[in-house]
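Single-letter residue listing:
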Amino acid sequence: MNICIFSRGHISQLRGGVDRVTTTISTALENRGHNIFMISVCNPVENDKLAKNQFVLPYKDILCDKNKNFVIDFLRNNKIDIILNQSDVKAILDLIYNTHQNIPIVSYNHGDPKAIIKGVRDNWDEWKLKKGIFFGLLYPYWLLRIIYQYYIRKNYAKRKHIEYYEKSDAYVFLSEKFKNSFIQFTGLNECNKLHFIGNPNTYPNIKHEYNTSKDNLIIFVGRLDFQKRIDRLLRVWKFVYKQHPDWKLQIVGDGSERGFYENYSQKLRLRNIEFVGACDPTVYYKKAKIICLTSSHEGFGMTITEAMQYNVIPIIFHSYESVTDIIEDNVNGILVKPFSTKEFAKKLSKLIVTPKEIEKFQQNIANSDIKEKFSIERISNQLENLFQKLIYASN
């Protein structure tokens, strides 16, 4: 098969989770004899470069006629059999739909179907944290603004989901547990174009075994934006670090809110905490005993499966449906009812002071089916089967 992958950003291991997943999938499909081509809107990030099979749209205006002509010629000249859309940018979907020449379109949604709505709560909390006294003084204004934002976002998200579903031959979510949420939210009567394929393990060659030689280290790995809600983790750490001075928290990643989180950490007078910036998280997975995730919503939580490949114990708010695809509560991880930071801190502290519980969780993770369940071989098989089915139907 000749497969063309569309994305907003240039696909690179130096970028975020979707890029690492795309790189893993494209490499696996290439190893199976398929030809992979990639088209992005943005140029490579600093210190990175285009691979031989990666191309960038010639013009910034995504829907301009010159870009459309470029894509039409590209798809025809490279005899593309299937289009894989990894972007949530509507203009990219429209570009693909207007140029696809009857080539089947598979669109991925890497998030929670209700992510935009759940993000309204994050906006409210962000205003409270950042506006200070002005939030209280202008409370009626912020209340009206959040109500307006909720209805605008709800209608926008519904229309966007429906459009992605209608313009794609397959609309893929990362978990079947999002199915009911999607149907209820969109009101669609049929959903035969919905498919569910999880993210593959991005460290396929790791030997998944029990390891007791780890540091007293807790980590967060991910983008430092407000959706990840690291402010909650910092408030958790405020309760925990005083009771457990021999433990350390490291924040691995970078993003638009790093400065805010560093200042907030200073405001809370936290100790034994370090912001290490963007880097390969492998070294931290190898050292850490626990990983925490405190976001309001996720599509999958790829850093969780990455960490579990190194027997890191996940503690997560049960804030999205697909988390139970990965974690069985109190067996291979801990789920906390959202969004009590006190309850989170309580469960974290209880684990820290119980070495036998840590060993039990580590052993259960080592014996779990995470490696097989999300193996690149299994995910590749699912994708190949879907692609072949769609190509057969289009002929």
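Right above here is the structure, for reference.
Residues numbered from 1 in each chain as written. Predicted model: local features only at pLDDT ≥ 70, side-chain atom pairs only at ≥ 80, totals over all residues. Heavy atoms only, no water.

*Asks:* Can you walk me through the environment of S319 in this structure?
*Replies:* Tracing the chain through its elements places S319 in the loop between β12 (313-317) and α12 (323-326). A relative accessible area of 9% places S319 in the buried class. A sequence separation of 276 residues divides S319 from N43, and the C-alpha atoms of the two residues are 34 Å apart. Excluding anything up to four places from it in sequence, S319 contacts K118, S295, S296, H297, P338 and F339. Polar side-chain contacts of S319 include one of 2.9 Å to the backbone oxygen of S295. (Helix = DSSP H or I, 4+ residues; strand = E, 2+ residues; numbered from the N terminus. Buried < 20%, exposed > 50% of the residue type's maximum accessible area, 1.4 Å probe, protein only. Contact = heavy atoms within 4.5 Å. Polar contact = N/O pair within 3.5 Å; in protein donor to acceptor, adjacent residues only side chain to side chain.)

*Asks:* Explain the sheet that holds strand β4 (residues 82-85) here, please?
*Replies:* The strands that make up a sheet pair up through hydrogen bonds in the backbone, lying either parallel or antiparallel. Read across the sheet, seven strands follow the order β3-β2-β1-β4-β5-β6-β7 without closing on themselves; strand pairing throughout is parallel. The strands lining the two open edges of the sheet, one partner per strand, are β3 (54-56) and β7 (194-196). Across the sheet, the mean angle from the axis of one strand to that of its neighbour is 25 degrees, orientation sign disregarded. The pairing of strand β5 (residues 105-108) with strand β6 (residues 170-173) spans three bridges and is classified as parallel. Its bridge partner lying in β6, V106 is registered against A170. Where helix α6 (residues 139-167) meets the sheet, its contacts fall on β4, β5, β6 and β7, and the angle it forms with β6 comes to roughly 130 degrees. (Pairing = 2+ DSSP bridges. Axes fitted to C-alpha atoms, helices over the stretch in contact; angles between N-to-C directions.)

Honestly, it's all geometry; don't read function into it.
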